[in-house]
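# Descriptive analysis of the structure
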Amino acid sequence: MTDNAIPVIDPFVLFDAWFAEACDSEPNDPNAMALATATPDAAPSVRMVLLKGHDERGFVFYTNAQSRKGSEVLANPQAALLFHWKSLRRQVRIEGPLAEVTPEEADAYFHSRPFVSQVGSAASDQSRPLDSRQTYTDRVDALRAEYEATGEVPRPAHWTGFRLDPAAIEFWTDRPNRLHERRRFTRDVEGGWTSTLLYP
Ligand SMILES: Cc1cc2nc3c(=O)[nH]c(=O)nc-3n(C[C@H](O)[C@H](O)[C@H](O)COP(=O)(O)O)c2cc1C
């Protein structure tokens, strides 16, 4: 990534390499990423989520579709992701539309989570007002008692995943004296990638 003459490589391959390095060097949550969404009239909002899968189809996270982010995504699928790996002094920006994962994918991931996490998610009306912490813990206790025997909570239909299909991926590398490097990959019409350096 030092000049514009290098062959265009697959940004997924580069992402895999950087992500593997981040998994080795970050003190925690190398898969944490900021997710930016926007309302249909373009008011933005941003929060952290965890990357739970990625391949050439895109980047997947799981959440409550009735949350603030879920409502925004369902009304306006355009979104952006941001990784910042401080230990590596690297940043990756990813932009594109989100689409819901299949119910089978959501079921598989939901039931791969620890029982208490399944309970906590099912008990949460994520992003909606809560009158007291007690109300939430009472719901958690009730669901825990209901499903303890099976050790598995049915996945609420609104608890699902979204996959961002990238139209652009940008890799940023810290360099001395703030002479940083940026390489932006964009999808071309054939579905391949073109890349260019950007001024930092
Ligand atoms: C490191 C980190 C990881 C998180 N991962 C998730 C996640 O994978 N899914 C999720 O719904 N919320 C996650 N959260 C909580 C969200 O940041 C946010 O508080 C919540 O999803 C509600 O956001 P919303 O009101 O914008 O919908 C995470 C928070 C942090 C700090």
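The rules behind the values
Residues numbered from 1 in each chain as written. Predicted model: local features only at pLDDT ≥ 70, side-chain atom pairs only at ≥ 80, totals over all residues. Heavy atoms only, no water. Helix = DSSP H or I, 4+ residues; strand = E, 2+ residues; numbered from the N terminus. Buried < 20%, exposed > 50% of the residue type's maximum accessible area, 1.4 Å probe, protein only. Contact = heavy atoms within 4.5 Å. Lys, Arg positive; Asp, Glu negative; His and termini not counted. Charge placed at Lys NZ, Arg CZ, Asp CG, Glu CD. Near = heavy atom within 4 Å. Polar contact = N/O pair within 3.5 Å; in protein donor to acceptor, adjacent residues only side chain to side chain. Areas by Shrake-Rupley, 256 points an atom, 1.4 Å probe, with all protein chains shown as cover. Nonpolar A, V, L, I, M, F, W, Y, C, P; charged D, E, K, R; others polar. 1 Å grid on protein atoms, 1.4 Å probe; cavity = no way out; pocket = protein on both sides within 12 Å on 5 of 7 lines; lining within 4 Å. Points joined across faces, edges and corners; volume = space filled by probe spheres on them.

### Topic: the overall build of the chain
- For the chain, the helix and strand inventory stands at five helices and ten strands.
- By its C-alpha atoms, the chain is 60 × 35 × 30 Å across when sized along the principal axes.
- Out of the 200 residues in the chain, the part that is buried amounts to 41%.
- Long-range pairs, those at least 24 residues apart, make up 63% of the contacts in the chain between residues at least 6 apart in sequence.
- The positive charge centre, built from 22 side chains, and the negative charge centre, built from 29, are 6 Å apart in the chain.

### Let's talk about the site of the ligand
- Surrounding the ligand, one finds Asp29, Arg47, Met48, Val49, Leu50, Tyr62, Thr63, Ser67, Arg68, Lys69, Gln126 and Ser127.
- Take Tyr62: an N or O atom from its main chain is 2.9 Å from a nitrogen atom of the ligand.
- A total of 620 Å² of accessible area belongs to the ligand in isolation, and the protein chains cover 64% of it.
- Going through the elements one at a time, strand E2 (44-50), strand E4 (58-64) and helix H2 (68-75) are the ones with two or more residues in the shell around the ligand.
- No other element matches E2, which puts four residues into the shell around the ligand.
- In terms of residue class, the shell around the ligand is made up of four nonpolar, four polar and four charged.

### Points about the layout of surface pockets
- Volume-wise, the largest pocket comes out at about 320 Å³.
- Those elements that provide at least two residues to the lining of the largest pocket are E2, E4 and helix H4 (115-122).
- For the lining of the largest pocket, a count of residues per class yields six nonpolar, six polar and three charged.
- Of the pockets and cavities examined, the second largest pocket occupies roughly 170 Å³.
- For the second largest pocket, the full set of lining residues is Ala123, Ser124, Asp125, Gln126, Ser127, Arg128, Pro129, Leu130, Asp131, Thr135, Tyr136 and Arg139.
- Taken together, the residues of the lining of the second largest pocket break down into four nonpolar, four polar and four charged.

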